[in-house]
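# A closer look at the structure
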Amino acid sequence: QAIWMHDPAHRNQALEGWMRPRYVAMSYRIPPEVLRDALEIGPPPKRKEKEPLTMADIAAAQGVSLDELTTRVTIAAAEFHDSKGGYENRSGGDRGDGQ
């Protein structure tokens, strides 16, 4: 799974119906709570028998397109990474501030 997510082709992907929130959070490198806020959904249900939602389920329930959800996630991810100093800061690399 880690190798899959390090492939740049799997980062910041436009949302597709089959995707589950966990996959999207990993693709955009954001915490689950940031994604939940962007998608306007609550925490996952505690019942094990309930299948996790897909992006298609979320879009249908909210009456929006996958493009709209992609826009929300993209904005939330950019704001999150900007507040943390970008991807480099999260990995311990160059902070972009000359230090």
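Residues numbered from 1 in each chain as written. Predicted model: local features only at pLDDT ≥ 70, side-chain atom pairs only at ≥ 80, totals over all residues. Heavy atoms only, no water.

## Observations regarding the overall build of the chain
- The number of helices and strands found in the chain is 6 helices and 0 strands.
- Each of the 99 residues in the chain was classed as buried or not, and the buried ones make up 29%.
- Here the analysis covers contacts within the chain between residues at least 6 apart in sequence; of these, 50% occur between residues at least 24 apart.
- If you sum the accessible surface of the chain, you get close to 6,600 Å²; carbon and sulfur atoms cover 54% of it. (Helix = DSSP H or I, 4+ residues; strand = E, 2+ residues; numbered from the N terminus. Buried < 20%, exposed > 50% of the residue type's maximum accessible area, 1.4 Å probe, protein only. Contact = heavy atoms within 4.5 Å. Areas by Shrake-Rupley, 256 points an atom, 1.4 Å probe, with all protein chains shown as cover.)

## Considerations on the environment of Arg29
- Here Arg29 shows up in the loop between helix 2 (21-28) and helix 3 (32-39).
- Given the relative accessible area of 24%, Arg29 is considered partly exposed.
- For the pair formed by Arg29 and Phe80, sequence separation is 51 residues and the distance between their alpha carbons is 9.4 Å.

## Here we look at the side chain of Thr54
- Its location among the elements puts Thr54 in the loop between helix 3 and helix 4 (55-62).
- Discounting chain neighbours no more than four positions away, the residues touching Thr54 are Gly17, Trp18, Met19 and Arg20.

## A short note on the nonpolar core
- In terms of nonpolar packing, the biggest core is built from 19 residues, with Leu15, Val24 and Ile30 touching the most fellow members.
- Ranked by the residues each element gives to this core, the list is headed by helix 5 (residues 66-83), at 5 residues. (Core = buried A, V, L, I, M, F, W, Y, C linked by side-chain atoms within 4.5 Å.)

## Remarks on the environment of Ile30
- Topologically, Ile30 is positioned in the loop between helix 2 and helix 3.
- Under the relative-accessibility criterion, Ile30 is labelled buried at 5%.
- If we skip the residues at most four places from it in the chain, Ile30 touches Ala25, Leu35, Ala77, Phe80 and His81.

## So, unusual backbone geometry
- Positive phi values are uncommon outside glycine, yet Arg29 reaches one of about 55°.
- One non-glycine residue, Glu40, lies in the positive phi region at around 60°.
- Mapped onto the elements of the fold, Glu40 is located in the loop between helix 3 and helix 4.
- Since its relative accessible area comes to 57%, Glu40 is described here as exposed.

## Quick notes on the confidence of the model for the chain
- Mean pLDDT over the chain works out to 78, with 69% of the residues at or above the 70 mark.
- Scored below 50 in pLDDT, residues 88-99 makes 10 contacts in the model with residues more than four places away or belonging to other chains. (pLDDT = per-residue confidence, 0-100.)

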